[in-house]
Amino acid sequence: MEAEAADGPAGGAEAALSCFSFNQDCTSLAIGTKAGYKLFSLSSVEQLDQVHGSNEIPDVYIVERLFSSSLVVVVSHTKPRQMNVYHFKKGTEICNYSYSSNILSIRLNRQRLLVCLEESIYIHNIKDMKLLKTILDVPANPTGLCALSINHSNSYVAYPGSLTTGEIVLYDGHSLKTVCTIAAHEGTLAAIAFNAAGSKLASASEKGTVIRVFSVPEGQKLYEFRRGMKRYVTISSLAFSMDSQFLCASSNTETVHIFKLEHLANSRPEEPSTWSGYMGKMFMAASNYLPAQVSDMMNQDRAFATGRLNFSGQKNLCTLSTIQKLPRLLVASSDGHLYIYNLDPQDGGECVLIKTHRLLGSGTTEENKENDLRPSLPQSYAATVAIPSASSASTVPDNLVPRKSEGQSEAVMMRRAPQKSGHPPVRWFWRKRGRRKNGVRLWARSGGQASQVPPA
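Quick caveat: nothing in here was measured; it's all calculated off a predicted structure. (Residues numbered from 1 in each chain as written. Predicted model: local features only at pLDDT ≥ 70, side-chain atom pairs only at ≥ 80, totals over all residues. Heavy atoms only, no water.)

Asks: I keep staring at the overall build of the protein and nothing clicks. Help me out?
Replies: Within the protein one finds five helices and 32 strands. Look at the contacts in the protein between residues 6 or more apart in sequence, and 46% of them connect residues 24 or more apart. Roughly 21900 Å² of accessible area belongs to the protein as shown, and the carbon and sulfur atoms make up 50% of that amount. (Helix = DSSP H or I, 4+ residues; strand = E, 2+ residues; numbered from the N terminus. Contact = heavy atoms within 4.5 Å. Areas by Shrake-Rupley, 256 points an atom, 1.4 Å probe, with all protein chains shown as cover.)

Asks: What exactly am I supposed to notice about the nonpolar core here?
Replies: One recurring pattern in soluble globular proteins is that nonpolar side chains are buried together. If you look at the biggest cluster of nonpolar residues, it comprises 22 residues, and the most contacted ones within it are Met83, Ile103, Ile106, Leu113 and Val115. Ranked by residues supplied to this core, first place goes to strand E7 (residues 71–76) with three residues. Phe40, Val45, Leu338 and Leu360 belong to the second-largest nonpolar core, a separate cluster that totals 18 residues. (Core = buried A, V, L, I, M, F, W, Y, C linked by side-chain atoms within 4.5 Å. Buried < 20%, exposed > 50% of the residue type's maximum accessible area, 1.4 Å probe, protein only.)

Asks: Got a minute to help me understand the pattern of salt bridges in this structure?
Replies: Side-chain pairs of opposite charge can arise where the charged atoms are in close proximity. Per the stated rule, a full pass over the model turns up five salt bridges. One salt-bridge network, held together by shared partners, links Arg212, Lys221 and Glu224. (Salt bridge = Lys/Arg side-chain N within 4 Å of Asp/Glu carboxyl O.)

Asks: Explain unusual backbone geometry to me, please; I cannot follow it from the model alone.
Replies: For residues besides glycine, phi is generally negative; the peptide bonds are generally trans as well. The amide bond that connects valine 216 to the next residue, proline 217, takes the cis arrangement and shows omega of 10°. By the secondary structure assignment, proline 217 is in the loop between strand E20 (210–215) and strand E21 (221–226). Backbone geometry places aspartate 59, a non-glycine residue, at a positive phi of 55°. Positioned with a positive phi, serine 155 is a non-glycine residue whose angle comes to about 50°. In this fold, serine 155 is placed in the loop between strand E14 (147–148) and strand E15 (156–160).

Asks: Just checking my understanding: could you explain the state of the cysteines for this structure?
Replies: Note: disulfide means a covalent bond formed between the sulfur atoms of two cysteine side chains. With the rule as written, the count across this model stands at zero disulfides. Looking at the unpaired cysteine 146, the closest cysteine sulfur is the one in cysteine 116, lying at 4.2 Å. Given a relative accessible area of 2%, cysteine 146 falls into the buried group. (Disulfide = S-S within 2.5 Å.)

Asks: Mind showing me how you'd approach the packing of aromatic side chains here?
Replies: Each aromatic ring pair is described using two quantities: the centre-to-centre distance and the angle formed by the ring planes. Under the definition given, this model contains five aromatic pairs. Ring plane angle 10° and centroid distance 5.9 Å describe the contact between tyrosine 223 and phenylalanine 225, whose orientation is recorded as stacked. Exposure remark for tyrosine 223: the relative accessible area of 11% places this residue in the buried category. The rings of Tyr223, Phe225 and Phe259 are connected pair by pair, giving a single aromatic cluster. (Phe/Tyr/Trp six-rings, centres within 6.5 Å; stacked < 30°, edge-to-face > 60°.)

Asks: Please explain the side chain of asparagine 109 as it appears in this structure.
Replies: Summarising the element assignment, asparagine 109 is placed in the loop between strand E10 (105–108) and strand E11 (112–116). Asparagine 109 gets classed as buried once you look at its relative accessible area, which sits at 0%. A polar contact is formed between the side chain of asparagine 109 and the backbone nitrogen of glutamine 111, at a distance of 2.8 Å. Here serine 149 takes part through its backbone oxygen, which lies 2.8 Å from a polar atom of the side chain of asparagine 109. With near-sequence residues (within four places) excluded, asparagine 109 lies in contact with Leu66, Ile126, Leu148, Ser149, Ile150, Asn151, His152 and Ser155. (Polar contact = N/O pair within 3.5 Å; in protein donor to acceptor, adjacent residues only side chain to side chain.)

Asks: Would you mind going over the side chain of serine 120 with me for this structure?
Replies: Within the secondary structure layout, serine 120 lies in the loop between E11 and strand E12 (121–125). Serine 120 has contacts with Val115, Ile135, Leu136 and Val138, leaving out every residue within four places of it along the chain.

Asks: In this structure, what is going on with the pairing of strand E9 (residues 92–98)? I would like to understand it.
Replies: Regular strands place side chains that alternate from one sheet face to the opposite one. Bridge count between strand E8 (residues 79–87) and E9: six bridges; the pairing is antiparallel. Its bridge partner being in E9, tyrosine 86 is matched across the sheet by glutamate 93. Linking E8 to E9, which pair antiparallel, is a turn of four residues; within it glycine 91 sits at a positive phi near 75°. (Pairing = 2+ DSSP bridges.)

Asks: In this structure, what is going on with the sheet that holds strand E24 (residues 255–260)? I would like to understand it.
Replies: Taken together, five strands build an open sheet; the order of strands is E22-E23-E24-E25-E29 and the sheet is mixed. Of all the strands in the sheet, just strand E22 (235–240) and strand E29 (349–350) have a single pairing partner and so form its edges. For strand E25 (residues 305–308) and E29, the ladder comprises two bridges, and the chain directions are parallel. Considered in E29, the bridge of threonine 306 is made with glutamate 350.

Asks: Any chance you could explain the environment of threonine 209 here in plain terms?
Replies: Inspection of the secondary structure puts threonine 209 in the loop between strand E19 (200–205) and E20. Using a relative accessible area of 13% as the deciding quantity, one classes threonine 209 as buried. Spatially, the C-alpha atom of threonine 209 lies 5.8 Å from that of arginine 226, the residues being 17 residues apart in sequence.

Asks: How do you make sense of the sheet that holds strand E13 (residues 130–135) when you look at a structure like this?
Replies: Each strand in a sheet pairs with its neighbour through backbone hydrogen bonds, running either in the same direction (parallel) or in the opposite one (antiparallel). As summarised here, the arrangement of the four strands in space is E10-E11-E12-E13, forming an open sheet in which the pairing is antiparallel. What marks the edges here is a single partner per strand, and that holds for E10 and E13. On average, each strand axis in the sheet is inclined to that of its neighbour by 20°, with strand direction left out of account. Here E10 runs beside E11; their pairing, made up of four bridges, is antiparallel. Bridged to arginine 107 within E11 is leucine 114. (Axes fitted to C-alpha atoms, helices over the stretch in contact; angles between N-to-C directions.)

Here it is as structure tokens:
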């Protein structure tokens, strides 16, 4: 998932990011600048370690890393028709390819590499970079919108099938044949994304109010989520969590929406015989007699959780990842920052911002320790693209891991309650509460909310 950043913030063009992208399993972040590109590890919340940086290619506007390997693909504004493939740990260029027009986007997994131009898509075999197929009957696609399943066992490709409607063409990257066409939206597509297994495909139109999820390869609609009521909202990114339980969407507004992929109607217990339960049943029954547009709106699921940004109108990219054994929402912005939020997978609600990292400047010059956390990578190119992605080891020191009750699997960030003016400062102390939640004993601080995190 990659985004080309918009114009830089005031205060100097050198401070803006040209592009930024998360790798396929959301363990690494790549950024492109006027000076070159940088790669960062996402194995820790508190520290953002730089894996690699290069100033050999200036004005980079596309940079994609293959999982956590040494393979990186770079495209520069100085040569926008040329794709460069590097083994950055060796410091060598593996190959470069030139195309008939400007490269708009690149997608890759361990078997295929996609190069998307405005009116064509090139499919390469990533192990030897041989060109396997050129899809020429592509409607004009000025943004280079396309998606590739990261699961190399299916390698499905999705791209817009129409200039005027939200039609999606599903293509098989193995057999090199079209699978089906999905009528996803009435308006033009703005974003598409596969889940990690390549079994689901999410999409949003330029209106940005409704997000739909379809089965792959059948193309049947599974879920429909309403992001908001605003008519014109630009969805900038869609991303599934690695376990496909959640889907996040960011836009040009200050809110990132997270949806939970579950059918609530099938999992709800029988409504109690109360007045509210009775009215709820009557309301849902009445929806069967309403116009289709109204009843569809009533049946659409709302956001399970949200993340609040301190800006709007800037290009951004969101993803969901597990860092140090806890679910996190990550948002990279064109102003050169990475925002990390805690996500409560049980109750949802508003995500808590716990860390902000600067992607440019003196705070990101430390040499990365990622090599100490992963086994050494093979030196051959073929072995580099074939090795499975190793999950990052936890880097939380033992003395910082919160104590947990038996059966507790995760901690939830506690937020301090706002203090009223004119009152003396709240004196904080830990006290043990008698009640339990989900089999876990709760802890709390006076003046604060209940938390599963006990005193250190």
